[in-house]
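Architecture and fold: a report
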Amino acid sequence: MCMEVRLRCECGAKEAEFNLRDNVMPPEVIVSLYCPACSAHAEFDPESMIQDNGWLIEYDMDLARFMAVSKLGIPPEKVTPDFIFDEGYATWKELYPGELEDIKAEKEAIVAILKEDPKRYFEELRKWALARVERLKAEGWRRAQNL
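Structural notes, computed from the coordinates. What you are looking at is a predicted structure, and each value in this text was computed from that prediction instead of being measured.

Thresholds, definitions, all that
- Residues numbered from 1 in each chain as written.
- Predicted model: local features only at pLDDT ≥ 70, side-chain atom pairs only at ≥ 80, totals over all residues.
- Heavy atoms only, no water.
- Disulfide = S-S within 2.5 Å.
- Buried < 20%, exposed > 50% of the residue type's maximum accessible area, 1.4 Å probe, protein only.
- Salt bridge = Lys/Arg side-chain N within 4 Å of Asp/Glu carboxyl O.
- Helix = DSSP H or I, 4+ residues; strand = E, 2+ residues; numbered from the N terminus.
- Expected span 1.5 Å × (residues − 1).
- Arc of directions from axis to C-beta.
- Contact = heavy atoms within 4.5 Å.
- Polar contact = N/O pair within 3.5 Å; in protein donor to acceptor, adjacent residues only side chain to side chain.

**A few points about the state of the cysteines**
Note: disulfide means a covalent bond formed between the sulfur atoms of two cysteine side chains. Under the definition given, this model contains zero disulfides. Here Cys-9 stays free of any disulfide, with the sulfur of Cys-11 as its closest cysteine sulfur at 3.5 Å. The class of Cys-9 is buried, set by a relative accessible area of 4%. Here Cys-38 is not cross-linked by a disulfide; its sulfur's nearest cysteine counterpart is in Cys-35, at 3.8 Å.

**Some details on the pattern of salt bridges**
Scanning the entire structure with this criterion turns up 11 salt bridges. Of the charged contacts in the structure, one is a salt bridge between Glu-17 and Arg-6, with a shortest N-O distance of 3.4 Å. With a gap of 11 residues between them, Glu-17 in strand β2 (residues 15-21) and Arg-6 in strand β1 (residues 2-8) connect regions that are remote in the sequence. The class for Glu-17 is partly exposed, based on a relative accessible area of 22%. Through salt bridges with shared partners, a single ionic network connects Arg-6, Arg-8, Glu-15, Glu-17 and Lys-93.

**What about helix α2 (residues 61-72)?**
Over its 12 residues, α2 extends 15 Å from the first C-alpha to the last, a length consistent with the 16 Å expected when each residue adds 1.5 Å. Of the residues making up α2, those classed as buried are Met-61, Ala-64, Met-67 and Ala-68. Buried residues along α2 cover an arc of 125° about the axis, so they all sit on one side. Those residues of α2 that are exposed and aimed more than 90 degrees away from the buried face are Asp-62 and Phe-66. Tucked inside the fold, the buried residues of α2 contact β5 (55-59) and α3 (81-86). Where α2 starts, the residue carrying a side-chain oxygen 3.2 Å from the main-chain nitrogen of Asp-62 turns out to be Asp-60. Remark: Gly-73 follows α2 within two positions and exhibits a positive phi of approximately 70°.

Structural data, given as structure tokens:
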């Protein structure tokens, strides 16, 4: 089970949703969120932050280590911002912020094929999904890299 959290970036222009895998981390583990616009004015600290295609997420590393040690039995030195994000303990709900809105029109065009030709629909959906993942990998989105 995952808890979902919605946060607004520091400049207030954008919002992102997060999943907190297995409810290991509380929402407070995410200290700050910086969108591509406001991240240009933030100082990146690799000890407490991750970068993802212009976005910055800052974590409360003391809280994250405490929760990982007490709930997962993981040594504190293994709990890094990369670990928290890449293992899904406090990561994007989607592959990147705003993904659902971005793919809505693309999926609607493919779904329209279902009524006409179900076999072609499945072929088109598969091709679209594979091409989309490759595009997201090329764009540098962290979550797409592991697909």
